[in-house]
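# Notes for the structure review
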Amino acid sequence: MQILDGKKTSLTIQEELTKKVKLLTSKGKKPPHLAAILVGDNGASRTYVNAKVKACQRIGFQSSLIELDNNVSEKVLLDEVRKLNTNSSVDGFIVQLPLPSHINENKVILSIDPNKDVDGFHPENIGKMTLGMPSFLPATPNGIMELLKRYDIPTEGKQTVVLGRSNIVGTPISILMSRKNYPGNSTVTLAHSRTGNLKQVCLNADILIVAIGIPQFITSEMIKPGAVVIDVGIHREEDSSKKNGFKLLGDVDFANASEKCSFITPVPGGVGPMTIASLLMNTYIANNGKY
Ligand code: GUN
């Protein structure tokens, strides 16, 4: 079994981007600028946004963080989005999800300028992605694609099973893995909470992408020997032996599953860092037109 090391791969991409930014600024151009809107006090969202801002600083991108109160009105949030849409110094921005329940998430996503939508969440970008047209690809699915590419994982003609149909991960990765491209060209099954005989469906997977949101849901008896397993889950579990009081678990029971598969992403250090790398690549593209 081999680890698909997202942390190492993300750092390699960040080194590439650092060089690209130096080249841009040496020609008198401005560095890419990513802005993030964080609403409320969701601890996990704050951790993710801080990691994104820190990564920008590390590679020489400009970054801005707009923090809004949990009870901010939808109108004020939409005004902030419009300001970023028209601020020519900002190349791309994200609104960290989930948003508080009094705010209509779809309305917010629709208000983002698709040309600055580096999360790839706007229907224009999702539509272009589906049709195979150039677009911003959603960060987590694109991070997974980049990881498969950089480890030369064969995907053509393979059976890919995606577990989970969220707008952010499951649905877009199912589209990307079936596109006529590498990585892709695989036969995709999009399984979810209502799928019958889930164990049998999973056992058919050469590539199993798990984004079901249940800690350690996948165990070795659901894995085909030699499969490639991608774990998108991230959950905190109390652990008094840890300095910070918790440990992180994925949707896959790593110790048990790793006996069966050929490649697996760890949690932490797998898909998470690749999501950040992918967002940074999109922001570079928003600034410069191509990677
Ligand atoms: N919440 C969970 N994942 C993401 C992501 O990739 N982008 C944003 N904006 N919110 C998220």
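Residues numbered from 1 in each chain as written. Predicted model: local features only at pLDDT ≥ 70, side-chain atom pairs only at ≥ 80, totals over all residues. Heavy atoms only, no water.

## Quick look at the pairing of strand 6 (residues 187-191)
Rule in force here: At least two bridges found by DSSP between two strands are what make those strands a pair. Helix numbers and strand numbers start at the N terminus; a helix is a DSSP run of H or I with at least 4 residues, a strand a run of E with at least 2. With the strands aimed away from the viewer, a crossover counts as right-handed if its path from the first strand over the helix to the second runs clockwise.
Sheet analysis places strand 5 (residues 159-163) next to strand 6, joined by five bridges and oriented parallel. Looking at the pairing, Gln-159 lines up with Thr-187 of strand 6. At this point the chain moves from strand 5, through helix 7 (residues 170-178), to the parallel strand 6, and the crossover so formed is right-handed.

## Regarding the packing of aromatic side chains
Rules: Two rings belonging to Phe, Tyr or Trp (six-membered ring only in the last case) form a pair when the distance between their centres is within 6.5 Å. Interplanar angles under 30 degrees mark stacking, angles over 60 mark edge-to-face geometry, and anything in between is tilted. Buried means the residue's accessible area, taken with a 1.4 Å probe over protein chains only, is under 20% of the maximum for its type, while exposed means over 50%, and partly exposed covers the values in between. As a reminder, the over-ring test applies to NZ of lysine and CZ of arginine, requiring each to be within 6 Å of the ring centre and within 35 degrees of the ring normal.
In total, this model carries one aromatic pair according to the counting rule given. When the ring of Tyr-284 is compared with that of Tyr-291, the centres are 6.1 Å apart and the planes differ by 80°; the resulting orientation is edge-to-face. With relative accessibility at 31%, the residue Tyr-291 sits in the partly exposed group. In this arrangement the basic side chain of Lys-20 is found over the ring face of Tyr-291, its NZ or CZ atom lying 4.5 Å from the centre. Positioned above the aromatic ring of Phe-246 is the side chain of Arg-236, whose terminal nitrogen or guanidinium carbon lies 4.2 Å from the ring centre.

## Some points on helix 10 (residues 271-288)
As a reminder, the rule being used: Given a helix with a known number of residues, its expected span is that number minus one, times 1.5 Å.
The first and last C-alpha atoms of helix 10 sit 25 Å apart over 18 residues, in line with the 26 Å expected at 1.5 Å per residue. Backbone geometry just after helix 10 places Gly-289 at a positive phi near 90°.

## Structural notes on the site of the ligand
Test applied: What makes a residue near a molecule or strand is one non-hydrogen atom of that residue sitting within 4 Å of it. Each polar contact in these results corresponds to two N or O atoms within 3.5 Å; when the atoms are within protein, one needs to be able to donate a hydrogen and the other to accept it, and residues that are neighboring in sequence are counted only if both atoms are side-chain atoms. The method behind every accessible area is Shrake-Rupley, applied with a 1.4 Å probe, and residues are considered shielded solely by the protein chains displayed. Residues are grouped as follows: nonpolar covers Ala, Val, Leu, Ile, Met, Phe, Trp, Tyr, Cys and Pro; charged covers Asp, Glu, Lys and Arg; every other residue, Gly included, is treated as polar.
Close to the ligand lie Lys-52, Val-95, Gln-96, Leu-97, Asp-119 and Phe-121. For the ligand, a nitrogen atom lies 2.9 Å from a polar atom in the backbone of Val-95. In this structure, a nitrogen atom belonging to the ligand sits 2.9 Å away from a main-chain N or O atom of Leu-97. Out of a free accessible area of 270 Å², the ligand has 85% covered by protein chains. For the shell around the ligand, a count of residues per class yields three nonpolar, one polar and two charged.

## Quick word on the packing of helix 6 (residues 139-150) against helix 10
Rules: To define axes, lines are fitted to C-alpha atoms, for helices over the stretch in contact only, and angles between the resulting N-to-C directions are given on a 0 to 180 degree scale. Roughly parallel covers angles under 35 degrees, roughly antiparallel covers those over 145, roughly perpendicular covers 65 to 115, and oblique covers all other angles. We call two residues contacting when some pair of their heavy atoms lies within 4.5 Å.
In the contact formed by helix 6 and helix 10, the axes pass within 7 Å of each other and the chain directions differ by 105°. Classified by the interaxial angle, the pair formed by helix 6 and helix 10 is roughly perpendicular. In contact with Ala-139, Thr-140, Asn-142, Gly-143, Ile-144, Glu-146 and Leu-147 of helix 6, helix 10 contributes Val-271, Met-274, Thr-275, Ser-278, Leu-279, Met-281 and Asn-282.

## As for the environment of Leu-34
With respect to the helices and strands, the residue Leu-34 is situated in strand 2 (residues 33-39). Spatially, the C-alpha atoms of Leu-34 and Ile-94 are 8.0 Å apart, while their sequence positions differ by 60 residues. The residues contacting Leu-34, other than those within four sequence positions of it, are Cys-56, Gln-62, Ser-63, Ser-64, Gly-92, Phe-93, Ile-94, Val-118, Leu-279 and Thr-283.

## A word on the nonpolar core
What counts is decided by this rule: Each nonpolar core is a collection of buried residues, namely Ala, Val, Leu, Ile, Met, Phe, Trp, Tyr and Cys, held together in the definition by side-chain atoms within 4.5 Å.
Grouped together as the largest cluster of nonpolar side chains are 46 residues, with contacts concentrated most on Ile-209 and Ile-230. Put simply, the parts of the chain that give this core at least two residues each are helix 1 (6-26), strand 2, helix 2 (43-59), helix 6, helix 7, strand 7 (207-210), strand 8 (228-231) and helix 10. Of the residues forming this core, the biggest block, eight residues, is contributed by helix 10. Among residues more than four places away in sequence, those in contact with Ile-209 are Ile-144, Thr-160, Val-161, Val-162, Leu-163, Ile-173, Met-177, Ile-230 and Val-232. Counting 20 residues, the second largest nonpolar core, distinct from the first, contains Val-39, Leu-78, Leu-84 and Ile-109.

## Overview of helix 3 (residues 74-86)
Along an α-helix, a turn takes 3.6 residues, which lines up residues three or four apart on a common side. The condition that has to hold: Think of the arc as the fan of directions from the helix axis to the C-beta atoms.
Here helix 3 is 13 residues long and its end C-alpha atoms lie 19 Å apart, about the 18 Å a rise of 1.5 Å per residue gives. Every buried residue belonging to helix 3 is among Glu-74, Leu-77, Leu-78, Glu-80, Val-81, Leu-84 and Asn-85, and all of these are buried. Down the axis, helix 3 shows its buried residues gathered within 155° of arc, on one side only. Facing away from the buried surface of helix 3 by more than 90 degrees, the exposed residues are Lys-75 and Thr-86. Packing partners of the buried residues in helix 3 comprise strand 2, strand 3 (62-68), strand 4 (92-95) and helix 4 (105-111).

## Digging into the side chain of Asn-85
Relative to the helices and strands, Asn-85 resides in helix 3. Look at Asn-85 and you get buried, because its relative accessible area is 17%. Of note is the side chain of Asn-85, whose polar atom sits 2.8 Å from the backbone oxygen of Ser-111.

## Topic: the environment of Lys-149
Counting through the fold element by element, Lys-149 comes out in helix 6. For Lys-149, a relative accessible area of 37% puts it in the partly exposed group. Here the alpha-carbon distance between Lys-149 and Pro-183, two residues 34 residues apart in the chain, equals 6.2 Å. Apart from the residues lying within four places of it in its own chain, the contact partners of Lys-149 are Tyr-182 and Pro-183.

Any functional reading would require information beyond the geometric quantities listed.
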